[in-house]
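# Observations on the three-dimensional arrangement
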Amino acid sequence: MTNLKVPYVFLIPSLVIIFLAGVGPVLQSFLLSLSEFSLLNPSQAPVGFQNYIALLSDSIFWRSIQITFLLVFGSVFLEFVVGIFLALLITSSGPRARSIFSSIFVIPIAIAPIVVGILWSPNSVFDDLNTLLYYGLSLGAYIDTTRPVIYYSLIMISDAYIWAPLLMLVTVAIIRSIPREQYEAAEVMGASSWTKFNKITFPAIISSPAIIVTLLLRMADAFRMFEIPYAWNFWLGQDSELGASVDTVSVLMWKMFSSTMYDFPIAQITTIAIVLLIMTLSICALVLRRSSSLLD
């Protein structure tokens, strides 16, 4: 064995662990999706791609896909906008205010998503707020959290509350990397703050590979969104309803697996999981392709 091949030998234990912990379960799940395996029928009789074909005509699955895409793109877009706003607030503040803002704004990252789902729930906030609006201020108006436009917006806000600080940190780094000479030249020409943001800051942010990779990673992570929509299932009284209006793909799989009201073969659930995995890996492929430009 040549000396050049010796380092690769030490990689074998790590590769074996990765295969057993990661690739192995995925392959097992894929094999289950090609069978009719269930708790009542553990024979794993092969059915080919029949489960995948049946999934194409499943209206409940497609509804969960639509809900997932809506929440993913809405949440990530909101996180991007809020992240830029917070980054501008930090970079335009003095040293003491910058330190205080930075410490406060990163706190939500440490909060569990299920806790955020409870904090933004109707029982936690909006009952008191509606009481104030309807009775306290005598406006006769209230926030109807049972309307789709309201609870979808609140789910997106809840998710953005957690992850906007991540976009903020990346954006702060991008803004600080912009040469100061560009701003000085703009000031000499009498450019307003909006003009400097529109012509210098914002183009630098959206053209940065770092922000693009971060957004793609957030999208890949958001596709598994579970905790906050799961909490809203209870607030809306839809926790026992399959294909509810807040059922993301992850929530749908959990309901199919845990509910005693439905008898779904495990193979159908793993089929959905494999489809979700393919969607996530597709985004990860875009991340790897885009991140290569960071190394150039």
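Residues numbered from 1 in each chain as written. Predicted model: local features only at pLDDT ≥ 70, side-chain atom pairs only at ≥ 80, totals over all residues. Heavy atoms only, no water.

Another point: the overall build of the protein. Scanning the protein from terminus to terminus reveals 14 helices and zero strands. When its helices and strands are written in sequence order, the protein yields α-α-α-α-α-α-α-α-α-α-α-α-α-α. By the burial criterion, 36% of the 296 residues in the protein qualify as buried. The long-range share in the protein, meaning contacts at least 24 apart out of those at least 6 apart in sequence, stands at 66%. (Helix = DSSP H or I, 4+ residues; strand = E, 2+ residues; numbered from the N terminus. Buried < 20%, exposed > 50% of the residue type's maximum accessible area, 1.4 Å probe, protein only. Contact = heavy atoms within 4.5 Å.)

What follows deals with a nonpolar patch on the surface. Side chains of Tyr8, Val9, Phe10, Leu11, Ile12, Leu15, Val16, Ile18, Phe19, Leu20, Val23 and Leu27 sit close together on the surface and give an oily, nonpolar patch of about 1200 Å² of accessible area. Mapped by element, the contributors of at least two residues to the nonpolar patch are helix 1 (6-9) and helix 2 (12-33). Take the nonpolar patch: its biggest share by element is eight residues, from helix 2. Take valine 9: it is sitting in helix 1. (Patch = residues over 30% accessible without salt bridge, like charges linked within 9 Å, V, L, I, M, F, W, Y side chains within 5 Å. Areas by Shrake-Rupley, 256 points an atom, 1.4 Å probe, with all protein chains shown as cover. Salt bridge = Lys/Arg side-chain N within 4 Å of Asp/Glu carboxyl O.)

What follows covers the packing of helix 4 (residues 59-91) against helix 10 (residues 193-206). It is at 13 Å that the axes of helix 4 and helix 10 come closest, and there the two elements cross at 125°. By the angle between their axes, helix 4 is oblique relative to helix 10. Here helix 4 runs over helix 10; the crossing is right-handed. Of helix 10, the residues touching helix 4 (which contributes Phe80, Ile84 and Leu88) are Phe197, Thr201, Phe202, Ile205 and Ile206. Considered class by class, the residues forming the contact of helix 4 with helix 10 number seven nonpolar, one polar and no charged. (Axes fitted to C-alpha atoms, helices over the stretch in contact; angles between N-to-C directions. Parallel < 35°, antiparallel > 145°, perpendicular 65-115°, else oblique. Left-handed = near helix turned anticlockwise from the far one by under 90°. Nonpolar A, V, L, I, M, F, W, Y, C, P; charged D, E, K, R; others polar.)

Once that is clear, we can look at the packing of aromatic side chains. Per the counting criterion, the structure on display carries ten aromatic pairs. Taking 5.5 Å as the distance between ring centres and 65° as the angle between the ring planes, the aromatic pair formed by phenylalanine 61 and tryptophan 62 counts as edge-to-face. Exposure remark for phenylalanine 61: the relative accessible area of 4% places this residue in the buried category. Since its relative accessible area comes to 38%, tryptophan 62 is described here as partly exposed. For the pair phenylalanine 69 and phenylalanine 223, a centre-to-centre distance of 5.2 Å together with 80° between the ring planes defines the contact as edge-to-face. Of the two residues, phenylalanine 69 sits in helix 4 while phenylalanine 223 sits in the loop between helix 11 (209-222) and helix 12 (227-235), which places them 154 residues apart along the sequence. Under the relative-accessibility criterion, phenylalanine 69 is labelled partly exposed at 32%. (Phe/Tyr/Trp six-rings, centres within 6.5 Å; stacked < 30°, edge-to-face > 60°.)

Our focus in this paragraph is the environment of leucine 217. Structurally, leucine 217 is set in helix 11. With a relative accessible area of 45%, leucine 217 lands in the partly exposed category. When the C-alpha atoms of leucine 217 and threonine 280 are compared, they prove to be 9.5 Å apart, with 63 residues separating the residues in sequence.

If you look at the biggest cluster of nonpolar residues, it comprises 55 residues, and the most contacted ones within it are Ile211, Trp232 and Ile272. Looking at this core, the elements that each hand over two or more residues are helix 4, helix 8 (148-177), helix 10, helix 11, helix 12, helix 13 (249-258) and helix 14 (266-291). Examining the composition of this core, we find that twelve residues originate from one element, helix 8, more than from any other. With residues near it in sequence (within four places) discarded, isoleucine 211 still touches Phe80, Leu167, Val170, Thr171, Ile174, Ile205 and Ile206. (Core = buried A, V, L, I, M, F, W, Y, C linked by side-chain atoms within 4.5 Å.)

Following both chains from N to C, one finds helix 12 and helix 13 inclined at 60°, their axes separated by 8 Å at the closest point. As summarised for this structure, helix 12 and helix 13 are arranged oblique, according to the angle between their axes. Here helix 12 runs over helix 13; the crossing is right-handed. Here Pro229, Tyr230 and Asn233 of helix 12 come into contact with helix 13, specifically with Val251, Trp254 and Lys255. When its residues are assigned to classes, the contact of helix 12 with helix 13 shows four nonpolar, one polar and one charged.

For the rest of this paragraph, the subject is helix 13. Along helix 13, seven of the ten residues are buried, which leaves the element largely enclosed by surrounding structure. Every buried residue of helix 13 is listed here: Val249, Ser250, Val251, Leu252, Met253, Lys255 and Met256.

Now for helix 11. Between its first and last C-alpha, helix 11 extends 20 Å over 14 residues, near the 20 Å set by a 1.5 Å rise per residue. The set of residues buried in helix 11 consists of Ile211, Val213, Thr214, Leu215, Leu216, Arg218, Met219, Ala220 and Ala222. (Expected span 1.5 Å × (residues − 1).)

Tallied over the full model, the rule gives six salt bridges. Residue aspartate 221 is joined to arginine 224 by a salt bridge in which the shortest nitrogen-to-oxygen separation is 2.9 Å. We classify aspartate 221 as partly exposed; its relative accessible area is 24%. Judged by its relative accessible area of 45%, arginine 224 is partly exposed. Salt bridges sharing common partners tie together Glu79, Asp159, Arg218, Asp221 and Arg224.

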